[in-house]
Amino acid sequence: MQDNSTTTVKPFLTVNNGVKAVEFYIAAFGAIEKKRFELPNKKLSSIIEINNAAFYVGDEEPDNGNLSPDQNSGSPVRIILQTQQADELFGQALKAGATQICPMTTEDDWRIGKLKDPFGHIWEIGYTL
């Protein structure tokens, strides 16, 4: 029997200000907010897409163990955004408030840059040459 189902992995980025995070991802990466779930106390959970690559963004929920990364150490997870528009999106992200960790550079067969978004998440943006 053939399994025709699709398997995906979608990160859920926990942040300390969901509204500002959604605004940042739209400005930085041209993301589209596909669906927003309003939560108590003006918090939210949203489904975001960057060129059809979906991920989730949501406010902290300490009672459920959902905390954003420590601003000093960042997240132990790196998000790899693989796109031919890497240079453009890297620049947009810096203008929108991200912090450069490593500038856009070419390593062997990979064009890549690394940054931290204003919510402590680490992004590597690049593409295979």
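Up top is the structure these notes are about.
S.K.: Can you help me understand the overall build of the protein in this one?
M.R.: The helix and strand inventory of the protein stands at two helices and eight strands. Relative to its length of 129 residues, the protein is compact, with a C-alpha radius of gyration of 15 Å against a globular reference of 14 Å. Once the C-alpha set of the protein is aligned to its principal axes, its extents read approximately 50 × 45 × 25 Å. Counted over contacts in the protein with a minimum sequence separation of 6, partners at least 24 positions apart contribute 51%. By element, 48% of the accessible surface of the protein is carried by carbon and sulfur atoms, the whole surface being about 7900 Å².

S.K.: Teacher, can you tell me more about the nonpolar core here?
M.R.: Across soluble globular proteins, nonpolar side chains have a tendency to be buried as a group. Residues Phe 24, Tyr 25, Phe 29, Phe 55, Trp 123 and Ile 125 are the most contacted members of the largest nonpolar core, which totals 27 residues. Looking at this core, the elements with two or more residues in it are strand 1 (12-15), helix 1 (18-29), strand 3 (43-50), strand 4 (53-59), strand 5 (78-82), helix 2 (86-96) and strand 8 (122-128). Beyond its immediate sequence surroundings of up to four residues, Tyr 25 is in contact with Leu 13, Val 15, Gly 30, Ala 31, Phe 55, Val 57, Asp 117, Phe 119, His 121 and Trp 123.

S.K.: What's the story with the pattern of salt bridges in this structure? I'm lost.
M.R.: Any two side chains of opposite charge can pair, on the condition that their charged atoms come close. Counting across every chain of the model gives three salt bridges. Arg 78 is the salt-bridge partner of Glu 124, the closest N and O atoms lying 2.6 Å from each other. Linking Glu 124 in strand 8 with Arg 78 in strand 5, this pair joins segments that are 46 residues apart in sequence. In this structure, the salt-bridge partner of Asp 87 is Arg 111, at a minimum N-O distance of 2.7 Å. Taken together, the residues Asp 87 in helix 2 and Arg 111 in strand 7 (residues 110-116) connect sequence positions 24 residues apart. Judged by its relative accessible area of 33%, Asp 87 is partly exposed.

Conventions we followed
- Residues numbered from 1 in each chain as written.
- Predicted model: local features only at pLDDT ≥ 70, side-chain atom pairs only at ≥ 80, totals over all residues.
- Heavy atoms only, no water.
- Helix = DSSP H or I, 4+ residues; strand = E, 2+ residues; numbered from the N terminus.
- Rg over C-alpha atoms; globule rule 2.2 N^0.38 Å.
- Contact = heavy atoms within 4.5 Å.
- Areas by Shrake-Rupley, 256 points an atom, 1.4 Å probe, with all protein chains shown as cover.
- Core = buried A, V, L, I, M, F, W, Y, C linked by side-chain atoms within 4.5 Å.
- Buried < 20%, exposed > 50% of the residue type's maximum accessible area, 1.4 Å probe, protein only.
- Salt bridge = Lys/Arg side-chain N within 4 Å of Asp/Glu carboxyl O.

These results come straight from atomic positions and should not be treated as a statement about function.
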